[in-house]
Amino acid sequence: MKPLAPERHLLRAKDLMDARYAEPLDVATIARAARLSPAHFSREFRREFGETPHQYLLTRRLERAAELLRNTDRSVAEVCLMVGLRSVGSFTTSFGRVYGMTPTAYRAAHPPAALRARVPTCVLLAHARPPSQQVSRRQAAARGLP
Amino acid sequence: MLTQLTHVNVWVHDQDEALEFYTKTLGMEVRDDVTIPEMGGFRWLTVAVPSQPGVALALLNVPGPPVFDEETASQVRSLVAKGAAGGLFFLSDDVQGTYEELKQKGVEFSQEPTQQPYGLDAGFRDPSGNQIRMMQQP
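Reading the values: the criteria
Sequence positions are assigned chain by chain, starting from 1 and proceeding in written order. To label them, take the chains in the order written and letter them from A, then take the ligands in the order written and number them from 1. In keeping with the model being predicted, local features are shown solely for residues with a pLDDT of at least 70 and side-chain atom pairs are shown and tallied solely at 80 or more, while totals for entire chains, interfaces and linings include all residues. Computation of side-chain values: all heavy atoms of the structure, hydrogens and water removed. Only DSSP runs of H or I with at least four residues qualify as helices, and only runs of E with at least two residues qualify as strands; both kinds are numbered from the N terminus onward. This radius of gyration counts C-alpha atoms alone. The globule rule is 2.2 Å times how many residues there are, raised to the power 0.38. Whether a residue is buried, partly exposed or exposed follows from its accessible area with a 1.4 Å probe, protein chains only, as a fraction of its type maximum: under 20%, in between, or over 50%, in that order. Whether two residues are in contact is decided by their heavy atoms: any pair within 4.5 Å suffices. Areas reported here follow the Shrake-Rupley algorithm with a probe of radius 1.4 Å; residue values treat only the protein chains shown as occluding. A quick way to say it: buried area is the sum, across both parts, of accessible area lost when two parts are put together, with a 1.4 Å probe. Here a salt bridge means any side-chain nitrogen of Lys or Arg lying within 4 Å of a carboxyl oxygen belonging to Asp or Glu. Polar contact is defined as a pair of N or O atoms within 3.5 Å, subject to the rule that within protein one atom must be able to donate a hydrogen and the other to accept it, and that residues adjacent in sequence are counted only when both atoms are side-chain atoms. Only Asp, Glu, Lys and Arg are considered charged in this grouping, and only Ala, Val, Leu, Ile, Met, Phe, Trp, Tyr, Cys and Pro are considered nonpolar; every other residue, Gly among them, is considered polar. The pairing criterion is simple: DSSP has to find at least two bridges between the two strands. Axis definition: a line fit to C-alpha positions, over the contact stretch in the case of helices; interaxial angles, taken between N-to-C directions, run 0 to 180 degrees.

*Asks:* It is not clear to me how the overall build of chain B should be interpreted in this structure. Could you clarify?
*Replies:* Along chain B, the regular secondary structure elements total three helices and eight strands. The secondary structure elements of chain B, listed N-terminal to C-terminal, are β-α-β-β-β-α-β-α-β-β-β. In summary, chain B has a C-alpha radius of gyration of 16 Å against a globular reference of 14 Å for 138 residues, a match within 12%. Across its three principal directions, the C-alpha atoms of chain B cover 50 × 35 × 30 Å. Per-residue burial over chain B gives 41% buried out of 138 residues. Counting contacts in chain B only where the partners sit at least 6 residues apart, residues at least 24 apart contribute 50% of the total. Just so you have it, chain B exposes about 7,600 Å², and 55% of that area is on carbon and sulfur atoms.

Structural data, given as structure tokens:
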């Protein structure tokens, strides 16, 4: 079998960031996926993909955070942790640089997640049914009964 | 009027490795595997999803001269390795189960099964770096 192209190892590192952005990844871990030393890895990654691994991972996390802000009602602090970032302060700063507003404002600019959630029909059927006592009372009232 | 899609060209890094992956790992079947000596050893290798008779993937080596000059061939090989040479989209009747099976076989996933508005989907790579996605309609 032919030896792999060196870029293939770099792609592995990129895929690792896409798959494991929620974990606290450090450069050493990511570089290992590419089988390179951290310093060499960052240089090669930038040469092949046009941005540093740090930039790639941060923008991936911000993209995921934006999605969670739009589609869930988890708090900003929770969203920050869910995408692998630990400081809410620097999350808010980076988010603002990219999206031009705070995470809270970004969420407010989109329709509430609850309106767009695709809750399975079986769940709706189970939870949306009114309590039968309400129907009985109304029927009773309609018939002029107490 | 074009009537049917029959083959999709997938550039691969190594045809033996690709054959093994697409058949043994993903469970596809071989449709053609023919090597033509008078064409510089060109190997026409196609595989397909057994339940879909009409369409096959042509798993092809990136050719050098006379098809591509060395520089072009090397650029294409680099793009494949960087995951920038396109992708394949499949339907699955069980994305979660397939994910678990393939993960166990060592397949590199870039995206675990995720609920999307259009269904459950997941993404992985073939050994060459080509992106493959599978989707399960709701």
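*Asks:* Can you walk me through the interface of chain A and chain B in this structure?
*Replies:* In many analyses, interface size is given as the accessible surface area lost on bringing the parts together. Between chain A and chain B, the contact holds 15 residues from the first and 17 residues from the second. Roughly 1,500 Å² is buried in total at the junction of chain A and chain B, and carbon and sulfur atoms are behind 47% of that figure. The largest contributions to the chain A side of the interface with chain B come from M1(A), K2(A) and R8(A), which together make up 33% of the buried area. Summed over the shared surface of chain A and chain B, the result is four salt bridges. Taking the shortest distance from any N to any O, the salt bridge between R125(B) and D15(A) comes out at 2.6 Å. Joining chain A to chain B, the criterion identifies ten residue pairs in polar contact (both at pLDDT 80 or more). Counting only elements with at least two residues in the side of chain A that touches chain B, the list comes to α1 (6–20) and α3 (38–49) of chain A. For the side of chain A that touches chain B, the element with the highest residue contribution is α1(A), accounting for seven residues. Of the residues that constitute the side of chain A that touches chain B, the class distribution is seven nonpolar, no polar and eight charged.

*Asks:* What am I meant to see in the pairing of strand β8 (residues 131–136) of chain B here?
*Replies:* Where a strand is regular, its side chains alternate between the two sheet faces. Residue and element names in this part refer to chain B. The pairing of strand β5 (residues 87–91) with β8 spans five bridges and is parallel. Bridge pairing in β8 places F90 opposite M134. Both strand β7 (residues 119–125) and β8 contribute to a ladder of six bridges, which runs antiparallel. If you follow D121 over to β8, its bridge partner there is M135. Counted between consecutive antiparallel strands, the loop separating β7 from β8 contains five residues, among which G129 sits at a positive phi close to 115°.

*Asks:* I keep staring at the sheet that holds strand β3 (residues 42–48) of chain B and nothing clicks. Help me out?
*Replies:* Hydrogen bonds between backbone atoms are what pair the strands of a sheet, whose relative direction is either parallel or antiparallel. All names here are of chain B. Strands sit in the order β1-β4-β3-β2 across an open sheet of four strands; the sheet is mixed. Bordering the open sheet on either side are β1 (7–12) and β2 (29–36), each of which pairs with just one other strand. Shown here is a sheet whose adjacent strand axes are inclined to one another by a mean of 25°, direction ignored. In the sheet, β2 pairs with β3 via seven bridges, with the strands oriented antiparallel. Residue pairing in the sheet places D33 in a bridge with L45 of β3.

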